[in-house]
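Structure assessment
The residues making up each chain are set out below.
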Amino acid sequence: MTALPGLSRGRAWLVAVVATLAMSVCYVDRQVVSAIATSVRRALGIDAEHFGYLAGAFSLSYLVVAPLAGAVVDRVGARRGLVVAILTWSAVSAAHALVPSFAVLVLLRIVLGAAEAPSFPAAAQSVRRALPPGDRSAAFGLLFTGSSLGAAVAAPLAIWLDVHFGWRTAFLVASLLGLAWLPAWLLVTRSPSVRAVLRQPDASLPAPAVARPRVSPVALFGDAAVLRALLLVVGSAAGLMFMFVWMPQYLELGRGILKPDVARYVWLPPVMADLGMVGFGVLASRFDRRSTTQRSHVGLVLIAATMESVMVLVPRVHETWPAVFVLGVSAAGGGGLYTLLTADMMARVDPSRVSMAGGLTAAAQSLVYVVMNPIVGRWIDRSHSYDGPLVLLGAVALPAAVLWCLVPARALRAVTPAR
């Protein structure tokens, strides 16, 4: 695939890699509270249902702000958007170390959700504008590894810090990672060629002769490509929610694993999610390069959804390592779904609305978290079991994928095949 005008292919991929690391830092900050949930719950007197509301508070804020953040990023650009966002959320994350009560923690989670809302729209915009069309599915697969890589790092790191130095230290250390990432982003995006490409509505297409009218996030809901993507986001987010929010507690309280030993297991599903994201993205890009038009990849979507649905089998698996592996297969399928639906949507929506569309899909994921986390928490408090939530959350992906395949959307734009 030829490079974009003014930007080498290697430099374009470097932008994608650093944007992916931004997602990793973002997810480290948001995942610390889930990784050390049992310590935080004991210290602040929180039951499972209230922890569900706590997780929902972050997601509710993210839900409200993400579409608006996407619209802002479309106007100011990914470079400035990510700089402001990461400085803000690092400060808020550090404030978690001083939290005196459950109410204050809820407030900080709301502010953190708003501060992190620009992260995915800005990172998605960077990939969409920097990479040529035939590379984008693979690049989106890489981008989504940022979230699961962050989860894979956050859980063992936070648990180790919690055991040795206390849970407040875990929040403080996590907040420093954003400051460590910032110089890399400023360095990679400092050249005039990168800035010029990131400012284009779509670097792979000629600039429009007539300026497009601004479109609000509400108006974008009428776009068939966005509505189609939102359907699959809702279906796939439920299973991934368990990995990101509840898995450390499930291992400690549901399977009786001692807290220091939980770190031995929690890394595997996020790593397998990474493999699913990259693997499905590479397959989709390979198919795209062999065709004169980008494809919808229906077969890959159904395979990924079937993989995510194996979560329903976890209650029947009695040994811990095999159960964690099944959760990993489910996470790989869920990660693959996110890669495929995002690449499909980004190829269909108007290039000037890329960040806004990404904000809407992030908001849809948050909506699932807002609704389902309190339900899962209440279910666990009343049944003293995680089996029911595992079956419920795992059963959603495949029906949603079938509906996604049946819903029509506008044709994908033509791409230049590899030479």
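A brief structural summary. (Residues numbered from 1 in each chain as written. Predicted model: local features only at pLDDT ≥ 70, side-chain atom pairs only at ≥ 80, totals over all residues. Heavy atoms only, no water.)

**Comments concerning the overall build of the protein chain**
For the protein chain, the count of helices and strands is 18 helices and 0 strands. The buried share among the 419 residues of the protein chain stands at 59%. Within the protein chain, residue pairs in contact and separated by at least 24 positions form 86% of the contacts whose partners lie at least 6 positions apart. For the protein chain, the accessible area works out to roughly 15,700 Å², and carbon and sulfur atoms hold 69% of it. (Helix = DSSP H or I, 4+ residues; strand = E, 2+ residues; numbered from the N terminus. Buried < 20%, exposed > 50% of the residue type's maximum accessible area, 1.4 Å probe, protein only. Contact = heavy atoms within 4.5 Å. Areas by Shrake-Rupley, 256 points an atom, 1.4 Å probe, with all protein chains shown as cover.)

**Things to note about the packing of aromatic side chains**
Taken as a whole, this structure holds 9 aromatic pairs when the rule is applied. With centroids separated by 5.5 Å and ring planes inclined at 65°, the aromatic side chains of Trp 160 and Phe 165 adopt a geometry described as edge-to-face. On the accessibility criterion, Trp 160 (45% relative accessible area) is partly exposed. Accessibility expressed as a relative area gives 52% for Phe 165, which makes it exposed. Within the aromatic cluster, the residues linked to one another by ring pairs are Phe 242, Tyr 250 and Tyr 386. Lying across the ring of Tyr 27, Arg 30 places its NZ or CZ 4.0 Å from the centre. Cation over ring: Arg 228 sits above Trp 404, and NZ or CZ is 3.9 Å from the ring centre. (Phe/Tyr/Trp six-rings, centres within 6.5 Å; stacked < 30°, edge-to-face > 60°. Lys NZ or Arg CZ within 6 Å of the ring centre and 35° of its normal.)

**As for a nonpolar patch on the surface**
A cluster of nonpolar side chains, namely Val 298, Leu 302, Leu 398, Val 402, Leu 403 and Leu 406, defines an oily patch on the protein surface of about 470 Å² accessible area. For the nonpolar patch, the secondary-structure elements that each account for two or more residues are α14 (298-308) and α18 (397-406). Looking at the nonpolar patch, the element that brings in the most residues is α18, giving 4 residues. Within the element layout of this structure, Leu 302 appears in helix α14. (Patch = residues over 30% accessible without salt bridge, like charges linked within 9 Å, V, L, I, M, F, W, Y side chains within 5 Å. Salt bridge = Lys/Arg side-chain N within 4 Å of Asp/Glu carboxyl O.)

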